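Close look at the chain arrangement
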Amino acid sequence: MTSLTDNFASVRRRITQAALRSGRDPESVHLVAVSKTVPVERIREAKEAGAEVFGENKVQEAVPKIEVIGSEGCRWHFIGHLQKNKVKYVVGRFDLVHSVDSLELAEKLSAESEKRGVVTPVLIQVNVSGEASKFGIDPQHLEGLLRRSGALSGIAVKGLMTIPPYTPDEEEARKHFANLRALRDRMRKQNIPGVSLDELSMGMSHDFEIAIEEGATWVRVGTAIFGERTG
Ligand SMILES: *Cc1c(COP(=O)(O)O)cnc(C)c1O
């Protein structure tokens, strides 16, 4: 049985190797330790092991955990589908929202942030695979959403995120990651006011090395650090 400390070190090592293999600076790839369903004692262990950013996907689960663990020496990212009525719990607690996929949500986040005098950094979640069941905006509507989000003063658009459908086929996964990067490169050429597209959040436990080879700046890794989720 491997310990959380070993798991964490191994993920870090694999991130570094994947970056070097693809001619990238390992410092340009950041790790979100996905702590959804993980109890606070285990999150503290991960923090001891060196984890600095934790990813949560449910507001009602995350808020009490953040309350207990705090934000000293670590940061919290929101990575799940965000309902508009939960926005008030997210602003001020999370340093990055990876999953903005509609103008309505962008507007809500912006309004709530303005109310509190903060700017909330966000990523736009894109559905690059065209799979009907997944969240994320259709690539053909991305530019419109970027333009309108860029005009909102309570949020700062930093990049794009995607969750491709699960596939054991590495080359299939690579295609989706390469598509997101290509889309980002195309959008970046538009120089959309208020939008910077430096960040690409893509890659999970089973495919984060491929995502890094294709340009990920944030990988979101749960199982490979904390073990299989039971809940
Ligand atoms: C759960 C989750 C992850 C992590 O998945 P693992 O396979 O456990 O690494 C990453 N991103 C999102 C959005 C998730 O919900």
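Now for a look at the structure at hand.

Rules used in this analysis
By convention here, each chain's residues receive numbers from 1 onward along its written sequence. This being a predicted model, a pLDDT of at least 70 is required before a residue's local features are given, and a value of 80 or more before pairs of side-chain atoms are given or counted; all residues contribute to the totals for chains, interfaces and linings. To obtain the side-chain values, all non-hydrogen atoms of the structure were included, while hydrogens and water were left out. Whether a residue is near a molecule or strand depends on its heavy atoms: it is near if one of them lies within 4 Å of it. We define a polar contact as two N or O atoms separated by no more than 3.5 Å, with the added condition that, inside protein, one atom must be a possible hydrogen donor and the other a possible acceptor, whereas residues neighbouring each other in sequence contribute only through side-chain atom pairs. Computed with a 1.4 Å probe, the accessible areas rest on the Shrake-Rupley method; for each residue, only the protein chains presented here act as cover. In this description, a line fitted to the C-alpha atoms serves as the axis of each element, helices being fitted only across the stretch in contact, and the angle between N-to-C directions of two axes falls anywhere from 0 to 180 degrees. Put simply, DSSP H or I for four residues or longer makes a helix, DSSP E for two residues or longer makes a strand, and each gets a number counted from the N terminus. Any angle that is under 35 degrees is reported as roughly parallel, and any over 145 degrees as roughly antiparallel; angles of 65 to 115 degrees are reported as roughly perpendicular and all others as oblique. The hand of a helix crossing depends on one turn: near helix anticlockwise from the far one by less than a right angle means left-handed, and clockwise means right-handed. Note on contacts: a residue pair qualifies if any of its non-hydrogen atoms lie within 4.5 Å across the two residues. Charged residues are taken to be Asp, Glu, Lys and Arg, nonpolar residues to be Ala, Val, Leu, Ile, Met, Phe, Trp, Tyr, Cys and Pro, and polar residues to be all remaining types, Gly included. Think of it in three bands: with a 1.4 Å probe and only protein chains considered, a residue is buried below 20% of the maximum accessible area for its type, exposed above 50%, and partly exposed in between. Working note: the arc is built from the helix axis to C-beta atom directions.

1. Looking at the site of the ligand
- Every residue lining the ligand is accounted for by Val 34, Lys 36, Ile 79, Ile 163, Met 204, Ser 205, Arg 220, Val 221, Gly 222, Thr 223 and Arg 229.
- Between the ligand and Ser 205, the relevant distance is 2.5 Å, taken from an oxygen atom to a side-chain nitrogen or oxygen of the residue.
- Interatomic distance of 2.8 Å between a side-chain N/O atom of Arg 220 and a nitrogen atom of the ligand.
- For the ligand, the protein covers 91% of the area, taking 390 Å² as the surface of the free molecule.

2. Thoughts on the packing of helix α2 (residues 40-49) against helix α3 (residues 59-69)
- For the pair α2 and α3, the least separation of the axes is 10 Å and the interaxial angle reads 55°. In terms of their interaxial angle, α2 and α3 are classed as oblique. Relative to α3, α2 is oriented so that their crossing is right-handed. Mapping the contact onto sequence places Val 40, Ile 43, Arg 44 and Lys 47 in α2 and Lys 65, Val 68 and Ile 69 in α3.
- Taken together, the residues of the contact of α2 with α3 break down into 4 nonpolar, no polar and 3 charged.

3. Things to note about helix α6 (residues 142-150)
- Every buried residue of α6 is listed here: Leu 142, Leu 145, Leu 146, Ser 149 and Gly 150. With its buried residues spanning 125° around the axis, α6 presents them on a single face.
- Of the surrounding elements, those touching the buried residues of α6 are α5 (103-116), β5 (120-125), β6 (155-161), α7 (170-188) and β7 (195-201).

4. Points about unusual backbone geometry
- Phi at Thr 37 is positive, roughly 70°, even though this residue is not glycine.
- Turning to its location among the elements, Thr 37 is positioned in the loop between β1 (30-34) and α2.
- Residue classification places Thr 37 among the partly exposed positions, given a relative accessible area of 38%.
- One non-glycine residue with positive phi stands out, namely Asn 191, at about 45°.
- The residue Asn 191 is located in the loop between α7 and β7 in this model.
- Judged by relative accessible area, which is 65%, Asn 191 ranks as exposed.

5. Thoughts on the environment of Glu 228
- Following the sequence through the fold, Glu 228 ends up in the segment after α9 (223-226).
- The sequence separation of Glu 228 and Glu 172 amounts to 56 residues, and the corresponding C-alpha distance is 24 Å.

Such coordinate-based values are descriptive only and should not be taken to indicate function.
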